[in-house]
Amino acid sequence: GRDGNHRNLPGFRHEGVITVPLALEGKKAIVAEVSEAAKGALSVVVADSRGVTVGKMTDLRKQARENGVELRVVRNTLARRALEGTQWECLNDSFVGPTLLAFSTDHPG
């Protein structure tokens, strides 16, 4: 990529994003982690992450961590699998484009 960090990764570019194929074990691990976060969450926010720069995402992750919120950018098919059978399965239709999930175990009120 432009920053030189992604030069040797196999993948392809789409709208400035490099997509790298995930191995099946990696996908299973992501689904398990996101599912676990969903099961313990009292609130979930779904956002489109298009246009968020790496710097802004880093700041957002730091602020989220400091406030007990877990942020995940997850492929939509994996997010849908992860939320199956949880109270958040109803969110599956809202996954369009690059999806950011924020899970909080604190009461939203």
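In this text the structure is predicted, and so the values were computed from the model without any measurement. (Residues numbered from 1 in each chain as written. Predicted model: local features only at pLDDT ≥ 70, side-chain atom pairs only at ≥ 80, totals over all residues. Heavy atoms only, no water.)

1. A short note on the environment of Leu 60
The topology assignment puts Leu 60 in helix α2 (residues 54–66). As a C-alpha pair, Leu 60 and Leu 71 span eleven residues in sequence and 8.5 Å in three-dimensional space. The contacts of Leu 60, once residues within four sequence positions are left out, are Leu 71 and Leu 100. (Helix = DSSP H or I, 4+ residues; strand = E, 2+ residues; numbered from the N terminus. Contact = heavy atoms within 4.5 Å.)

2. Digging into the confidence of the model for the chain
Mean pLDDT for the chain: 84, with 79% of residues reaching 70 or above. The least confident element of the chain is strand β1 (residues 12–14), whose mean pLDDT is 49; the most confident is helix α3 (residues 76–83), at 95. Residue range residues 1–9 is modelled with pLDDT below 50. Its contacts to residues more than four positions away, or to other chains, number seven contacts. (pLDDT = per-residue confidence, 0-100.)

3. So, the sheet that holds strand β5 (residues 99–104)
Reading across from one edge, β3-β5-β4 is the order of the three strands in this open sheet, with antiparallel pairing throughout. The open sheet terminates on both sides in strands that have one partner only, identified here as β3 (43–48) and β4 (69–74). In this sheet, neighbouring strand axes are inclined to one another by 20° on average, regardless of whether the strands run parallel or antiparallel. Pairing between β4 and β5: six bridges, direction antiparallel. From the neighbouring strand, Glu 70 faces β5, where its bridge partner is Phe 103. On top of the sheet, α2 reaches β4 and β5; it is set at about 145° to β4, its chief contact. (Pairing = 2+ DSSP bridges. Axes fitted to C-alpha atoms, helices over the stretch in contact; angles between N-to-C directions.)

4. Quick notes on the pattern of salt bridges
Once their charged atoms are close, side chains differing in charge can pair, the charge on each being opposite to the other. Overall, the coordinates contain five salt bridges when judged by the stated rule. The shortest N-O distance in the salt bridge between Arg 72 and Glu 70 comes to 4.0 Å. With a relative accessible area of 17%, Arg 72 lands in the buried category. With relative accessibility at 34%, the residue Glu 70 sits in the partly exposed group. One network of salt bridges, in which partners are shared, links Glu 33, Glu 70 and Arg 72. (Salt bridge = Lys/Arg side-chain N within 4 Å of Asp/Glu carboxyl O. Buried < 20%, exposed > 50% of the residue type's maximum accessible area, 1.4 Å probe, protein only.)

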